[in-house]
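# Chains, contacts and geometry: an overview
Residues per chain are reported as follows:
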Amino acid sequence: LPPIGGLAISDSAVRFILIQGSDRILAGSLRLPPGMVSDGKVADAPGLRAALAQLHAQVDPKRRPMHVVLTLPPGDVYMQTFSIPAVAADVLDEAARLNLQMISPIDFALAYASWQPVGELAPAPGGAIELLGAFAEAAVVDAFTAAATAAGFAITAVELPALSMARAIRDASSPEVDSQLIIDIAADGITFLVLKRRDLFFNH
C-alpha cells in the first residue's frame, strides 16, 4: 500500500502531514485568504484548487500523486448517536443504514452518511448496540474532493476533524480511561468533544 498522509482543510488554512517513522515527517501548511472557504463550504473553487496545488508542490516538488485522508471543516457535517437492537454481524450494516435514513437531518438521497460503533460492538445492557452516525451534503463534500484531486491528492477517505482528533487521543490514552471531555481551541473556533469508551460520542 502507498503511504497515506493527512490533508486538512479549514476556513483559514490547508495543512498536510505524512509520518513515516519517528524521523521521517513530511509536513506543510498554507493560509487561505478570507472567504475562499466559508462556513464549511467551498466559496472559491479555482482559488482552493490553486492553494492545494501550491501546498502539494511545497511538500513534493516532483508533483507525484499523494494519498491522503481528507479532513473537512466541521461546519456542515452532522453527527448523532443512535441505538439499534443487537443483530447478527452479517446484517449489522443494513440495520445501521436503515436507521441512518430515518434520523438523517438532511435529504438522505443527497447526502453521504456513515456510521461506527461507540466502543466495542458488544450489546449494552438491554441488548442494544450504540452507534455514531455522520451526515454531510454530497455536493459540499464533492466540491472539496474535486479541488483536492485536481491538485494531485488521491483521496483514500473523508472524515471530520472530531474523528481525527478522537483517534489521536485514543491512541495516546491509557486503555483504562473510559470517558473524556476534550476542548479544542483553534483559530476557527472552539470545539467540544466527548469520548465514551474511547470513541467519539458527541461533538459540538
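Before reading on, note that the structure itself is shown above.
Below, the structure is looked at part by part. All values reported here derive from a predicted model rather than from experimental measurement.

## Looking at the overall build of the protein chain
If you tally the helices and strands in the protein chain, you get four helices and 13 strands. Here the C-alpha atoms of the protein chain give a radius of gyration of 18 Å, agreeing with the 17 Å that 2.2 N^0.38 yields for 204 residues. Structurally, the protein chain occupies a C-alpha span of about 55 × 40 × 35 Å along its principal axes. Counting the 204 residues in the protein chain, one finds 38% classified as buried. Relative to all contacts within the protein chain whose residues are 6 or more apart in sequence, the contacts with residues 24 or more apart total 59%. Put simply, the protein chain shows about 11100 Å² of open surface, and 58% of that area lies on carbon and sulfur atoms. The average position of the 14 basic charges and that of the 21 acidic charges among the side chains of the protein chain differ by 9 Å.

## Some points on unusual backbone geometry
Of note in the backbone geometry, Asp 39 takes a positive phi value of approximately 55° without being a glycine. Residue placement: Asp 39 occurs in the loop between β4 (37-38) and β5 (41-42). Phi at Arg 63 is positive, roughly 60°, even though this residue is not glycine. Relative to the helices and strands, Arg 63 is located in the loop between α1 (45-59) and β6 (66-71).

## Looking at empty space enclosed by the protein
The probe, sized like a water molecule, is rolled over the atoms to show the empty space still left. According to the stated counting rule, one finds one cavity of 30 Å³ or more in the structure shown. In this structure, the largest cavity spans a volume of roughly 40 Å³. Lining the largest cavity are Gly 40, Leu 72, Pro 73, Asp 76, Val 77, Ala 136, Val 140, Val 141 and Phe 144. The leading source of residues in the lining of the largest cavity is helix α3 (residues 138-150), at three residues. Each residue belonging to the lining of the largest cavity can be placed in one class, and the counts come to seven nonpolar, one polar and one charged.

## Some words on the nonpolar core
Core analysis: the biggest nonpolar cluster contains 38 residues, and Leu 7, Phe 16, Leu 48, Leu 52 and Phe 153 have the highest contact counts within it. Taken together, the elements giving at least two residues each to this core come down to β1 (4-9), β2 (13-19), α1, β6, β9 (128-137), α3, α4 (161-172) and β12 (189-196). Excluding anything up to four places from it in sequence, Phe 153 contacts Leu 7, Phe 16, Leu 52, His 56, Met 66, Val 68 and Ala 148.

## Some remarks on the layout of surface pockets
The computed volume of the largest pocket comes to approximately 730 Å³. If you trace the largest pocket, you find 32 residues lining it, with Thr 71, Pro 74, Pro 161, Met 165 and Asp 184 closest to the centre. When contributions to the lining of the largest pocket are tallied by element, the ones reaching two or more residues are β1, β6, α4, β11 (179-186) and β12. In terms of residue count, α4 provides more of the lining of the largest pocket than any other element does, seven residues in total. In this structure, the second largest pocket is lined by 22 residues; those nearest its centre are Ala 134, Val 158, Glu 159, Leu 160 and Leu 163. Its residues assigned to classes, the lining of the second largest pocket shows 16 nonpolar, two polar and four charged.

## Observations regarding α1
Its 15 residues give α1 an end-to-end C-alpha distance of 21 Å, which sits within 8% of 21 Å, the value for a rise of 1.5 Å per residue. Taken as a whole, α1 has its buried residues at Gly 47, Leu 48, Ala 51, Leu 52, Leu 55, His 56 and Val 59. A distance of 3.0 Å separates the backbone nitrogen of Gly 47 from a side-chain oxygen at the start of α1, and that oxygen is part of Asp 44.

## Quick word on the pattern of salt bridges
Under the definition given, this model contains four salt bridges. A salt bridge links Asp 60 to Arg 64; the nearest nitrogen and oxygen atoms lie 3.0 Å apart. Here Asp 60 falls in the buried class, since its relative accessible area comes to 4%. Of the residues examined, Arg 64 reaches a relative accessible area of 47% and is grouped as partly exposed. For Lys 196, the salt bridge goes to Glu 130, with nearest N and O atoms at 3.4 Å. With Lys 196 in strand β12 and Glu 130 in strand β9, this residue pair connects regions lying 66 residues apart in the sequence.

Conventions we followed
Residues numbered from 1 in each chain as written. Predicted model: local features only at pLDDT ≥ 70, side-chain atom pairs only at ≥ 80, totals over all residues. Heavy atoms only, no water. Helix = DSSP H or I, 4+ residues; strand = E, 2+ residues; numbered from the N terminus. Rg over C-alpha atoms; globule rule 2.2 N^0.38 Å. Buried < 20%, exposed > 50% of the residue type's maximum accessible area, 1.4 Å probe, protein only. Contact = heavy atoms within 4.5 Å. Areas by Shrake-Rupley, 256 points an atom, 1.4 Å probe, with all protein chains shown as cover. Lys, Arg positive; Asp, Glu negative; His and termini not counted. Charge placed at Lys NZ, Arg CZ, Asp CG, Glu CD. 1 Å grid on protein atoms, 1.4 Å probe; cavity = no way out; pocket = protein on both sides within 12 Å on 5 of 7 lines; lining within 4 Å. Points joined across faces, edges and corners; volume = space filled by probe spheres on them. Nonpolar A, V, L, I, M, F, W, Y, C, P; charged D, E, K, R; others polar. Core = buried A, V, L, I, M, F, W, Y, C linked by side-chain atoms within 4.5 Å. Expected span 1.5 Å × (residues − 1). Polar contact = N/O pair within 3.5 Å; in protein donor to acceptor, adjacent residues only side chain to side chain. Salt bridge = Lys/Arg side-chain N within 4 Å of Asp/Glu carboxyl O.

It is worth stressing that arrangement in space is one thing and function is another; only the former is reported here.
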